[in-house]
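Given next are the chains, with one letter for each unit.
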Amino acid sequence: MHERAMGEKSVIEAIRDAMREEMRRDERVVVLGEDVGARGGVFLATQGFVEEFGEGRVIDTPLAEASIAGIALGAALKGLRPIAEIQFADFAWPAFNQLLGEAARACYGSNGQVRVPLVVRIPYGGGIRGGLYHSQNVEAYFFHTPGVKVVAPATPYDAKGLLKAAIRDDNPVIFLEHKKTYRLVRGYVPDEEYVVPIGKADVKHRGSQITLVSYGLVLHYCLQAARTVAQDGISVEVVDLRTLRPLDRETLFDSVRKTGKVLIVHEDNLTGGVGAEIAALLAEEVFEYLDAPILRLCGPDVPTMPFAPTLEDAYMPTTEKIVGALRRLAAY
Amino acid sequence: MGPEGAEIAITRRHETAGISVEEVLALYTQMVLVRILDERILVLNRQGKVPIGISCQGHEAAQMGSAWAALRNGPCFFFPYYRDLALKITAGVSAREALLSFMGKAGDPFSNGRQFPLQGADLRRGIIQLSNVVAAGLPQAVGYAWACRYLGEETVVLAYFGDGASSEGECHEAMNFAGIHRVPIVFFCENNRYAISVPQRKQMAIENVAERAAAYGFPGVVVDGTDLFEVIEVTRRAIAHARTQGPILIEAKVERLSPHTTDDDDRRYRSREELEQARHRDPVRRLQQYLLQEGILTPEQDRAIWEGARQEVEEATRYAEASPYPEASTLLEHIYA
């Protein structure tokens, strides 16, 4: 989306850098998953790792997601800081018991005796001709569950800073990486050390008339849409959630108190999605500031996401669709 | 003693197992305590004071023998399962603490009243048991053991599960990974031949769970899980193996002398004749008979041990009943570290 320039990196490079730097900093950080060794991961997130850190820290696991999660959880219980890679979100389901049934409840269920400094990296999302089993959005399931943190960055800067924060966190962090952003989205990443705190949203575009809330790939479509409608005199504030759980309520409330109108955009299915919770929160907490119904532009309630381009395009939120929704909301 | 009073050097069973008289008496005293405690928990359930009881009757020798051996053979760590009251008592949990846990009272060392009894963690006793989802703890135990070795520790992990859990995919995944990486772990299967109501012949087409170990590239051994001495000997060897060569699977053949839990009625699926037969393998009675026959214990001393256990459990019951439930205000604590 940007021209290549000095200090610019892709999302996948930022993720690789974050892990490499943390592994150099802390011997307790280990990586495990399918093809993470010699192959460097199917998306090359761990390219060069086994050469630098050895097979003792970069574990090529059998094709078995439940135990990737479970073994990483066990190692975290002992005090390591494992980064488990689930190759595609679509393959995360066998790991759900370990992640949501076990890891999420470990601290609570032991009355705070154990902690789980575990990161589970999950490439997710569509728009890549992945069909029903290489395109899924799984965030709502994790978002619903107390005990995990859920992070979904959109830019290289945020991806690197949030992944470092996730590795240093003492709780299980579900780290959702939108596959389409891996190489498509480039951006400035400073050489010096930094961390982006978990739980903080970021206003990516200032505006005064509509609050546009999003995360992940479609956040970039939202930014394009905001620039497009600015030409019509519609001033849109784009809030990048960055972290889904815990939600940054204050940043959302502050923006809505200012604008009075809200559009929530996500690629995940509409019903029971992150947008539903945000809409409910805003209705409860800042109702008197609202000048229009809270709108959602989300994936329709079909199993994500069809293979044929006509069907996939019909599913995806696009800049055009977002522009249309913003204009309707502005006219309300 | 031989005929005519002639001295014949017969080494007694506990001695061949390398256990002193004092130790075997201490083990028996603790086993009696576990039995009385287990029976009391069932009574308290019928009185409405314990929401659920999961009896370990019939499993005592397997749990106590393995834990006892582990605690005396270098650093170890336990990933038990939900039927492991005897193991937890052996690891140091008191009767008072156990009853607090079964009643869901404040001071329950495992979860402070958040979980089913004896679940969560008791790090002071080297125990983690996050849930009662069967086999879920096995990959965690493997990861824990792998991490111990990564950190340069000598720790051996003991991971417990039932025959029912052996059908779960996570059991296969855990053993497969452990075999590949030669993880220092003892898989300890307490096979009582029932997954609630489903008998072993409907769970697997083989006779011994231990046979599966070969497919993962490590040894599997079958042991009479009602024989305390045999369990101790086998576990001791298994721990040495795990520490130096990697995983090993012990399958302890035990009896479940009670229904699955207090919510189960085993008369619907288990004949009374079969249960009567199983009682002949009651590990508490087996050890008692051994001690009396060998003259290690007199009937009077035995009665005193049972009476002492009853008094301890009586006192613990009063203590737990008088203890408060956790404050409602603690509901929101420890969701995150």
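Residues numbered from 1 in each chain as written. Chains lettered and ligands numbered in written order. Predicted model: local features only at pLDDT ≥ 70, side-chain atom pairs only at ≥ 80, totals over all residues.

Caption draft 1: Representation of the overall build of chain A. Tallying secondary structure elements over chain A gives 12 helices and 14 strands in all. Taken against the 2.2 N^0.38 rule, which gives 20 Å for 332 residues, the C-alpha radius of gyration of chain A at 19 Å falls within 12% of a compact globule. C-alpha atoms of chain A, sized along the principal axes, occupy 60 × 45 × 40 Å. Residues counted as buried form 59% of the 332 residues belonging to chain A. Residue pairs at least 24 apart in sequence account for 80% of intrachain contacts in chain A once pairs closer than 6 positions are excluded. (Helix = DSSP H or I, 4+ residues; strand = E, 2+ residues; numbered from the N terminus. Rg over C-alpha atoms; globule rule 2.2 N^0.38 Å. Buried ≥ 20, exposed ≤ 12 C-beta atoms within 10 Å, placed from the backbone. Contact = placed C-beta atoms within 7 Å.)

Caption draft 2: Spatial organisation of the overall build of chain B. Within chain B, the regular secondary structure consists of 12 helices and 9 strands. Whereas a compact globule of 337 residues would reach a radius of gyration of roughly 20 Å, chain B reaches 20 Å, a difference of no more than 12%. Referenced to the eigenvectors of the C-alpha coordinate spread, the extents of chain B come out at roughly 75 × 50 × 45 Å. In chain B, which comprises 337 residues, the proportion classed as buried is 52%.

Caption draft 3: Expanded view of the domain arrangement of chain A. Residues and elements named next belong to chain A. Domains assigned within chain A are domain 1 (8-188) and domain 2 (202-331). In this complex, domain 1 contributes 25 residues to the contact, which on the side of domain 2 involves 23 residues. In the side of domain 1 that touches domain 2, the residues fall into 11 nonpolar, 9 polar and 5 charged. (Domains from an automatic or database assignment. Nonpolar A, V, L, I, M, F, W, Y, C, P; charged D, E, K, R; others polar.)

Caption draft 4: Focus on helix 12 (residues 319-331) of chain A. Residues and elements named next belong to chain A. Between its first and last C-alpha atoms helix 12 spans 18 Å; for 13 residues at 1.5 Å apiece the expected length is 18 Å, and the two agree. Taken together, the buried positions of helix 12 are occupied by Ile322, Val323, Ala325, Leu326 and Leu329. Seen along its axis, helix 12 keeps its buried residues to an arc of 165°; they face one direction. Set apart from the buried face of helix 12 by more than 90 degrees, the exposed residues are Glu320, Arg328 and Ala331. Close packing links the buried residues of helix 12 with strand 10 (210-214), helix 8 (217-230), strand 11 (236-240), strand 13 (262-269) and strand 14 (295-299). (Expected span 1.5 Å × (residues − 1). Arc of directions from axis to C-beta.)

Caption draft 5: How the structure looks around the sheet that holds strand 10 of chain A. Residue and element names in this part refer to chain A. One open sheet accounts for 5 strands, arranged 9-11-10-13-14; its pairing is mixed. Two strands in the sheet have a free side with no partner beyond their single neighbour: strand 9 (202-205) and strand 14. Recorded for the sheet is a direction-independent mean angle of 25° between the axes of neighbouring strands. Sheet topology note: the strand 9/strand 11 ladder contains 3 bridges and is antiparallel. Of the residues in strand 11, the one forming a bridge with Asp202 is Asp240. Those strands touched by helix 10 (residues 274-285) are strand 10, strand 13 and strand 14, and its axis lies near 155° from that of strand 13. (Pairing = 2+ DSSP bridges. Axes fitted to C-alpha atoms, helices over the stretch in contact; angles between N-to-C directions.)

Caption draft 6: How the structure looks around the pairing of strand 7 (residues 173-178) of chain A. All names here are of chain A. Burial analysis of strand 7 places 6 of its 6 residues in the buried class, the great majority of the element. The alternating pattern of strand 7 places Val173, Phe175 and Glu177 on one face and Ile174, Leu176 and His178 on the opposite face, and all of these are buried. Pairing between strand 5 (residues 119-124) and strand 7: 6 bridges, direction parallel. Paired with Pro123 across the two strands is Glu177, which belongs to strand 7.

Caption draft 7: Layout of the nonpolar core. Core analysis: the largest hydrophobic core is formed by 215 residues, its most contacted members being Cys222(A), Leu326(A), Val142(B), Val157(B), Ala159(B), Ile185(B) and Val186(B). Residue contributions to this core peak at 11 residues, all from helix 2 (residues 21-46) of chain B. There are two domains that each give this core at least three residues, and those are domain 1 (8-188) and domain 2 (202-331) of chain A. Ignoring any residue separated from it by four or fewer positions in sequence, one finds Ile185(B) in contact with Ala141(B), Val142(B), Ala145(B), Val156(B), Val157(B), Ala159(B), Ala178(B), Ala242(B) and Pro247(B). (Core = buried A, V, L, I, M, F, W, Y, C linked by C-beta atoms within 7 Å.)

Caption draft 8: Representation of the sheet that holds strand 4 (residues 81-85) of chain A. Residues and elements named next belong to chain A. Reading across from one edge, 3-2-4-5-7-6-12 is the order of the 7 strands in this open sheet, with mixed pairing throughout. Edge positions in the open sheet fall to strand 3 (58-60) and strand 12 (243-245), since each of these has one partner strand only. For this sheet, the mean inter-axis angle between neighbouring strands, taken without regard to orientation, is 20°.

Caption draft 9: Highlighting the interface of chain A and chain B. Counting from both sides, the interface comprises 33 residues of chain A and, opposite them, 33 residues of chain B. Going through the elements one at a time, helix 3 (65-77) and helix 4 (96-109) of chain A are the ones with two or more residues in the side of chain A that touches chain B. Taken together, the residues of the side of chain A that touches chain B break down into 14 nonpolar, 14 polar and 5 charged.

Caption draft 10: Spatial organisation of unusual backbone geometry. In the segment running from Arg245(A) into Pro246(A), the intervening peptide bond is cis, with an omega of 0°. Inspection of the secondary structure puts Pro246(A) in the loop between strand 12 and helix 9 (249-259). For the peptide bond that leads from Thr304(A) to Met305(A), omega is -5°, which places it in the cis range. Mapped onto the fold, Met305(A) is located in the loop between strand 14 and helix 11 (309-315). The backbone of Leu118(B) shows a phi angle near 60°, a positive value even though the residue is not glycine.

Caption draft 11: Up close: the environment of Gly107(B). Residues and elements named next belong to chain B. Positionally, Gly107 belongs in the loop between helix 5 (95-103) and strand 2 (120-122). Residue Gly107 is classed as partly exposed on the basis of its C-beta count, with 15 C-beta atoms lying within 10 Å. It is 19 Å that separates the C-alpha atoms of Gly107 and Tyr82, two residues lying 25 residues apart in sequence. Every residue in contact with Gly107, bar those within four places of it in the chain, is listed here: Leu100 and Ser323.

Caption draft 12: Fine view of the packing of helix 5 of chain B against helix 12 (residues 299-322) of chain B. Residue and element names in this part refer to chain B. Here helix 5 crosses helix 12 at 45°, and the two axes come no closer than 8 Å. As judged from the angle between their axes, helix 5 and helix 12 are oblique. By crossing handedness, the relation of helix 5 to helix 12 is classed as right-handed. Contacts between helix 5 and helix 12 involve Ala95, Arg96, Leu99, Leu100 and Met103 from the first element and Glu312, Val313, Ala316, Thr317, Tyr319 and Ala320 from the second. Class assignment of the residues belonging to the contact of helix 5 with helix 12 gives a composition of 8 nonpolar, 1 polar and 2 charged. (Parallel < 35°, antiparallel > 145°, perpendicular 65-115°, else oblique. Left-handed = near helix turned anticlockwise from the far one by under 90°.)

Caption draft 13: Spatial organisation of the environment of Leu223(A). Residue and element names in this part refer to chain A. When you line up the elements, Leu223 lands in helix 8. For Leu223 and Gly147, which are 76 residues apart along the polypeptide, the C-alpha to C-alpha distance reads 32 Å. If near-sequence neighbours (up to four positions away) are discounted, Leu223 is found in contact with Lys204, His205 and Val238.

Caption draft 14: Inspection of helix 5 of chain B at higher detail. Residue and element names in this part refer to chain B. For helix 5, a buried count of 9 out of 9 residues is recorded, marking the element as mostly surrounded by other parts of the structure. Those residues of helix 5 not exposed but buried are Ala95, Arg96, Glu97, Ala98, Leu99, Leu100, Ser101, Phe102 and Met103. Tucked inside the fold, the buried residues of helix 5 contact helix 2, helix 4 (85-90) and helix 12. Among the residues trailing helix 5, Gly104 stands out with phi positive, at a value near 70°.

Caption draft 15: Quick look at the confidence of the model for chain B. Summarising the model, chain B shows a mean pLDDT of 96, and 97% of its residues fall at 70 or more. As a predicted assembly, this complex carries a pTM of 0.96 together with an ipTM value of 0.96. (pLDDT = per-residue confidence, 0-100.)

Caption draft 16: Just the environment of Pro184(B), in detail. All names here are of chain B. Along the chain, Pro184 falls in the loop between helix 7 (169-181) and strand 5 (185-191). Take Pro184: there are 26 C-beta atoms within 10 Å of it, and that puts it in the buried class. When residues no more than four places from it in sequence are discounted, the contact partners of Pro184 are Ala145, Cys148, Arg149, Thr155, Val156, Val157, Ala242, Arg243 and Gly246.

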